[in-house]
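# Architecture at a glance
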Amino acid sequence: MERLQNILAHAGVASRRKSAEIIAEGRVTVDGVVVVEPGLKLDPSAVSIKIDGRLLESQEKKRTVVLYKPVGVLSTMSDPFGGKTVTSFVNVPERLVPVGRLDKDSEGLLLMSNDGDLVNRLTHPRYEHRKTYIVKVAGRWSEDKLELLRSPITLDDGYTIRPVPVKVIRQWDNNTRLLEFVLTEGRKRQIRKMCNAAHLVVLSLKRVAVGSFFLPKDLAPGSWRDLSQDEIEKLFI
């Protein structure tokens, strides 16, 4: 048996103190009945606990989906300024959170999950999961710029990134090129900052793969689907 506020805290809802406040506000139900006593002792495996009508994450069936995030959409659960977020597209009973970041001006593969182990595996720096991006850039080109992009670069926050595999996969006559970047660090807006250091303008940026999992070709911007168990297992490799 465990106190209700501790059950919420252990599930990652909030600190024990904040969980107690959430319970006292009448936002928690146990088997459909509102409970306002934070110290109520329960067996979490024997009851259904909901917060604001949603099943407690630790009691939810694990679910992971892939979304083709469109440009102009935030990779967050909500936005205080009313911006469009990924929850506008993935409306499911489970509380799925974005796995990592994909900035507003970028598009492509975004995983969303309630599987804490998977989220940690794909976002913790020690696992160095590969993420592949296709980036269209404009600007005068030279092989020196390619070497710069492949070299350690000190970003504006003072952090020096490790060398990154970068290759040219297509080029046009109007000083535009399509580049492939493979990152394992994933600093905020890293590719855009790298291109800025090389005096290149980013015209489009698309994430196409996480590890060996590629953005499904049949997904259009704004569409999503569940991952199969085989696909999820490959993400742990």
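Going by the structure above, here's the rest.
With that out of the way, let us pick up the overall build of the protein. Scanning the protein from terminus to terminus reveals 6 helices and 17 strands. Dimensions of the protein, computed from C-alpha atoms along their principal axes, come out at roughly 70 × 40 × 35 Å. The buried share among the 237 residues of the protein stands at 43%. Of the roughly 13100 Å² that the protein leaves accessible, carbon and sulfur atoms contribute 49%. Seen as two clouds, the 38 positive and the 30 negative side-chain charges of the protein have centres 4 Å apart.

One open sheet accounts for 4 strands, arranged β3-β2-β5-β6; its pairing is antiparallel. Both outer strands of the open sheet, β3 (33-34) and β6 (54-55), are each paired with one neighbouring strand and no more. Pairing between strand β2 (residues 28-30) and β3: 2 bridges, direction antiparallel. Looking at the pairing, V30 lines up with V33 of β3.

Bringing helix α5 (residues 190-197) into the picture now. Within the sequence span of α5, burial applies to Q190, I191, R192, M194 and C195. One or two steps after α5, the chain reaches H199, where phi turns positive at roughly 60 degrees.

The computed volume of the largest pocket comes to approximately 740 Å³. Taken together, 31 residues line the largest pocket, and the ones lying closest to its centre are R101, L102, G186, R187 and K188. Those elements that provide at least two residues to the lining of the largest pocket are α3 (116-123), β10 (131-138), α5 and β15 (201-210). Counting residues per element, the lining of the largest pocket draws most heavily on α5, at 3 residues. Partitioning the lining of the largest pocket into residue classes produces 9 nonpolar, 10 polar and 12 charged. Put simply, the second largest pocket is a space of about 290 Å³. Lining the second largest pocket are 13 residues, and of these V13, I51, L56, E57 and R95 lie nearest its centre. Of the residues belonging to the lining of the second largest pocket, the class tally is 6 nonpolar, 1 polar and 6 charged.

Right, let's get into the nonpolar core. M112, Y133, V135, L149, F181 and I191 are the most contacted members of the largest nonpolar core, which totals 30 residues. Excluding residues that lie within four positions of it along the chain, M112 makes contacts with R63, T64, V65, L67, V86, V90, L96, V97, P98 and V99. One finds L111, V119, L122 and L227 within the second-largest nonpolar core, a separate group that totals 15 residues.

Turning to the side chain of H129, a few remarks are in order. Position of H129 relative to the elements: it lies in the loop between α3 and β10. Within polar-contact distance, the side chain of H129 engages the backbone oxygen of L235 at 2.9 Å.

Following the sequence through the fold, L42 ends up in strand β4 (residues 41-42). Note: C-alpha distance between L42 and S113 (71 residues apart in sequence) is 27 Å. Beyond its immediate stretch of four places on either side in the chain, L42 contacts M1, E2, L4, I7 and V30.

Another aspect to go through is the packing of aromatic side chains. With the rule as written, the count across this model stands at 0 aromatic pairs. The ring of W172 is capped by K136, whose NZ or CZ atom sits 4.8 Å from the centre of that ring. Stacked on the ring of Y159, the Lys or Arg R187 has its end atom at 3.9 Å from the ring centre.

Take the pairing of strand β13 (residues 166-171) next. Across 5 bridges, the pairing between β13 and strand β14 (residues 176-183) is antiparallel. Pairing of V168 across the sheet is with L179, part of β14. Two successive antiparallel strands, β13 and β14, enclose a turn made up of 4 residues, where N175 displays a positive phi of approximately 60 degrees.

Calculation rules
Residues numbered from 1 in each chain as written. Predicted model: local features only at pLDDT ≥ 70, side-chain atom pairs only at ≥ 80, totals over all residues. Heavy atoms only, no water. Helix = DSSP H or I, 4+ residues; strand = E, 2+ residues; numbered from the N terminus. Buried < 20%, exposed > 50% of the residue type's maximum accessible area, 1.4 Å probe, protein only. Areas by Shrake-Rupley, 256 points an atom, 1.4 Å probe, with all protein chains shown as cover. Lys, Arg positive; Asp, Glu negative; His and termini not counted. Charge placed at Lys NZ, Arg CZ, Asp CG, Glu CD. Pairing = 2+ DSSP bridges. 1 Å grid on protein atoms, 1.4 Å probe; cavity = no way out; pocket = protein on both sides within 12 Å on 5 of 7 lines; lining within 4 Å. Points joined across faces, edges and corners; volume = space filled by probe spheres on them. Nonpolar A, V, L, I, M, F, W, Y, C, P; charged D, E, K, R; others polar. Core = buried A, V, L, I, M, F, W, Y, C linked by side-chain atoms within 4.5 Å. Contact = heavy atoms within 4.5 Å. Polar contact = N/O pair within 3.5 Å; in protein donor to acceptor, adjacent residues only side chain to side chain. Phe/Tyr/Trp six-rings, centres within 6.5 Å; stacked < 30°, edge-to-face > 60°. Lys NZ or Arg CZ within 6 Å of the ring centre and 35° of its normal.

Spatial relationships are all this shows, so hold off on functional conclusions.
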